[in-house]
Amino acid sequence: MTEVSRIPVKVIENFMMDVFQALGTPEEDARICADVLITADLRGIDSHGVGRLKYYYDRIKAGVHLTTTNMTVVKETETTALVDGGHGMGHVIAYRSMRMAMDKAKRYGVGAVAVRNGTHFGIAGYYSLMAAKEGMMGLTVTNARPAMAPTFGTEPMLGTNPIAFAAPSDMEYPFCFDAATPITQRGKIEVLERAEKPVPEGWVIGPDGEPLTDASDILERLGQATAALLPLGGAGEEMGGHKGYGLATMVEILSAALSGGKFQKDLLGFAPDGSRRPYMLGHFFLAIDIEHFIPLELSRRITGQIMRNLQASRKAPGHDRIYVAGEKEYEMEKERRRLGIPINPNLRKELQFMRDELGIEGYEAYF
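Residues numbered from 1 in each chain as written. Predicted model: local features only at pLDDT ≥ 70, side-chain atom pairs only at ≥ 80, totals over all residues. Heavy atoms only, no water.

1. Digging into unusual backbone geometry
Working step 1: Phi is positive for N117, close to 55°, though the residue is something other than glycine.
Working step 2: Tracing the backbone shows N117 in strand β4 (residues 110-118).
Working step 3: N117 gets classed as buried once you look at its relative accessible area, which sits at 17%.
Working step 4: The phi torsion at E196 lies on the positive side, around 60°, for a residue other than glycine.
Working step 5: Examined against the element boundaries, E196 turns out to sit in the loop between α6 (186-194) and β8 (204-205). (Helix = DSSP H or I, 4+ residues; strand = E, 2+ residues; numbered from the N terminus. Buried < 20%, exposed > 50% of the residue type's maximum accessible area, 1.4 Å probe, protein only.)

This is the structure:
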């Protein structure tokens, strides 16, 4: 078992800001990027927090993420917009796009923004929560480079294609569902590799449908398209794998067929000559202003009562608690603000590498 230490939240957040700025990201944009990543860590989504910093570092170094984000509004109406992200920082593209959707929703009731030429933007739930914090419902989806096989297939054809929906409630936390449409996603396998743990059987298959469990081998194979994630529900239809497959396809359509953007194997990040290129992802953001339908407090109360009814329902043997989406993340955030962000030795090495490579000072006491 690898040793895990805790580093204060603000130290990790400041370090991420320093890294992004050292790579050429403007200060305000670096703040947005760091906030998205630290939010993932606080909510217990270790696959998309500081553990993903080296991922962005490498992509920026490779020139497939531009540190200056020059977004263009291609087309716009009162309630909709089509945006070209210009291959900038995905967190900034997504933040500004959801902000645009929210501004439209405040005026007209709903706001929808489709994005093409976006890049990886961290946890989708961050942007849906932006809406919930301002009394709206928010929906966020994005496509990604192919990693998941369709039902009855073994070839990676769809990305992890997450769906995130958030709604304000009268509880201490909003409802927030944020999940990839395969059983797992690449980031969780990266976490298992750093922790030197195997991947559970049933998450990933090889070309012949055989289960794969070695995290390092899987990550290498995913890059070679010789491994594929299984959709929610697993292989076949018996446990509903076709539903996860269908949801992933829905996300692909929302992300590409409204923006005119790229999809499936055009998202692999390689040009026909084999050279690296931007990933050209598509995103879709929807904000709904509740006050245009019913009073916000009534909506909060209804959402909260739905959540409480679920929590109070009959428990399965051996279980004394039922959770709703967003509850565990709320409790995790309280714990991590108090104890700090967990860092294992392999992640610590990555942070040290970026610190030394960029000449960032002031963190020697932590890593």
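Now that the structure is up, let's keep going.
2. Topic: the pattern of salt bridges
Working step 1: Within this structure, the stated rule accounts for 22 salt bridges.
Working step 2: Close ionic contact of K104 with E76 constitutes a salt bridge, the shortest N to O distance being 2.8 Å. Separated by 28 residues along the polypeptide, K104 in helix α4 (residues 90-108) and E76 in strand β2 (residues 72-76) bring together distant segments of the chain.
Working step 3: Residue classification places K104 among the buried residues on the basis of a relative accessible area of 8%. (Salt bridge = Lys/Arg side-chain N within 4 Å of Asp/Glu carboxyl O.)

3. What about the pairing of strand β6 (residues 163-167)?
Working step 1: Among the five residues of β6, four are classified as buried, and the element is accordingly described as predominantly covered.
Working step 2: Strand direction decides the pairing type here: strand β5 (residues 136-142) and β6, joined by four bridges, are antiparallel. Counterpart to T140 in the pairing with β6 is A164.
Working step 3: The sheet contact formed by β6 and strand β7 (residues 175-179) spans five bridges and is antiparallel. When the bridges of β7 are listed, I163 appears paired with A179. (Pairing = 2+ DSSP bridges.)

4. Digging into the environment of K265
Working step 1: Secondary-structure assignment places K265 in the loop between α8 (241-256) and β11 (281-289).
Working step 2: Along the sequence, K265 and R96 sit 169 residues apart, while their C-alpha atoms lie 27 Å from each other.
Working step 3: Not counting the four nearest positions on each side in its chain, K265 is found in contact with P146, E155, P156 and M157. (Contact = heavy atoms within 4.5 Å.)

5. Some details on the side chain of N344
Working step 1: Position of N344 among the secondary structure elements: in the loop between β12 (341-343) and α11 (345-358).
Working step 2: Side-chain polar atoms of N344 contact the backbone nitrogen of N346, separated by 3.2 Å. (Polar contact = N/O pair within 3.5 Å; in protein donor to acceptor, adjacent residues only side chain to side chain.)

6. Some details on the packing of aromatic side chains
Working step 1: According to the stated counting rule, one finds 12 aromatic pairs in the structure shown.
Working step 2: With a centroid separation of 5.3 Å and 90° between ring planes, the pair formed by Y55 and Y56 is classed as edge-to-face. A single burial state applies to Y55 and to Y56, both of which are buried.
Working step 3: For the pair Y127 and F285, a centre-to-centre distance of 6.1 Å together with 80° between the ring planes defines the contact as edge-to-face. Note that Y127 is positioned in helix α5 (residues 125-132) and F285 in strand β11, a separation of 158 residues in sequence.
Working step 4: On the basis of relative accessibility, which here comes to 0%, the residue Y127 falls in the buried class. (Phe/Tyr/Trp six-rings, centres within 6.5 Å; stacked < 30°, edge-to-face > 60°.)

7. Focus on the sheet that holds strand β10 (residues 228-229)
Paired through backbone hydrogen bonds, the strands of a sheet run either parallel or antiparallel to each other.
Working step 1: Spatially, three strands are ordered β9-β8-β10 in an open sheet, and the strand pairing comes out antiparallel. One side of each edge strand has no neighbouring strand; the edge strands of this open sheet are β9 (211-212) and β10.
Working step 2: Inspection of the sheet shows β8 paired to β9 by two bridges, in the antiparallel sense. Bridging across to β9, V204 finds its partner in L212.

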